[in-house]
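One-letter residues, chain by chain:
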Amino acid sequence: MNNVYKSEEEFLKNYNSDDFEKLSMTADILIFSVSSEESDNYRKTDKKKMSILLVKRNNYPFKDKWCLPGGFVDINEDLDDAPVRILKRETNIDNIYLEQLYTFGDTKRDPRMRVVSTSYIALIDKNRLDKNISGDSSWFDIALLEEKDNIVDIVLDNGRETIKFTIEKILREKTTDRYSFKVLENKSLAFDHPIVILSGIERLKNKIEYTDIVFNMMPELFTLGELQQVYEVILGKKLLDPAFRRIIANKVEKTKKMKTGGGHRPSALFKYKNNL
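Residues numbered from 1 in each chain as written. Predicted model: local features only at pLDDT ≥ 70, side-chain atom pairs only at ≥ 80, totals over all residues. Heavy atoms only, no water.

Please set out the pairing of strand E7 (residues 137-148) residue by residue, giving values where relevant.
Of the strand pairs in this sheet, strand E2 (residues 47-56) and E7 are connected by five bridges, and their pairing is antiparallel. Looking at the pairing, Val55 lines up with Ser137 of E7. (Pairing = 2+ DSSP bridges. Helix = DSSP H or I, 4+ residues; strand = E, 2+ residues; numbered from the N terminus.)

Tell me about helix H3 (residues 193-207), and please be specific about residues and values.
Here H3 is 15 residues long and its end C-alpha atoms lie 21 Å apart, about the 21 Å a rise of 1.5 Å per residue gives. In terms of residue burial, H3 counts as a mostly covered element, since eleven of its 15 residues are buried. (Expected span 1.5 Å × (residues − 1). Buried < 20%, exposed > 50% of the residue type's maximum accessible area, 1.4 Å probe, protein only.)

Give me the lowdown on the pattern of salt bridges, citing residues and values where you can.
Between side chains of opposite charge, a pair can form as their charged atoms come close. A complete count under the given rule lists 16 salt bridges for this structure. Here Glu77 ties to Arg85 by a salt bridge, and the two come within 2.8 Å at their closest N and O atoms. Since its relative accessible area comes to 17%, Glu77 is described here as buried. Residues Asp212 and Lys251 are paired through a salt bridge, measuring 3.4 Å at the closest nitrogen-oxygen approach. Of this pair, Asp212 sits in the loop between H3 and helix H4 (224-235) while Lys251 is found in the loop between helix H5 (241-248) and strand E11 (252-259), placing the two residues 39 residues apart along the sequence. For Asp212, a relative accessible area of 24% gives the class partly exposed. According to the relative accessible area criterion, Lys251 is buried, its value standing at 10%. (Salt bridge = Lys/Arg side-chain N within 4 Å of Asp/Glu carboxyl O.)

Describe the side chain of Glu226, and please don't skip the residues or the numbers.
Within the secondary structure, Glu226 sits in helix H4. Residue classification places Glu226 among the buried residues on the basis of a relative accessible area of 12%.

And the structure:
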């Protein structure tokens, strides 16, 4: 459309939306939490695992494959209102921590039409919504996250089904250490959601040491051992006690309550200093 208009009013009077190609916008949400794998030895602390909520698609495209909770942004809906609505639908609760992750716009990411997706990270204490998630949803533990020579293998498991996918990281900019991702193997996840999931995991790992983001995944009261395990499972490495104490020194405060039972010595319970 090459018309030259003399004013804003003239443009709006003659404007025709059919002159422009259309695209659709979706919002996809990575809902992360931490779950406990019960130990066979009552003297050992339950092992923590990072979990992600997935939804099984019941229609085409990608029927019967797993995907992230998501949906189309309504035409009269602000972009950041869409994930709030979708979370309410999937979990039946609101007031969940949300942050925008990235916008994914590969032209072939959706076989139906040109669809651009803005992804979000949501963090929550799993105990808040275990009984409220929709029937076609399931928590998957991140059973394996292994990187070698920029090839990342990820395994998700919900106790009944295992999802495996492999992604290659391709360095785009040396000065900023930015990578693009290419899916090498994926049989169970819809759309480009393997790439979205890896992007979300890397964002979480990058932010956990310099922000207080982790406390959105913790209950109100916790032991330092439980908190350290959550840091370790997200970072994918063991932390020496002195290093961990430095990280959380100004973030938690000790309460007068104790955790007892389960064959363990009583442990002091802590809480996050700044209420969420």
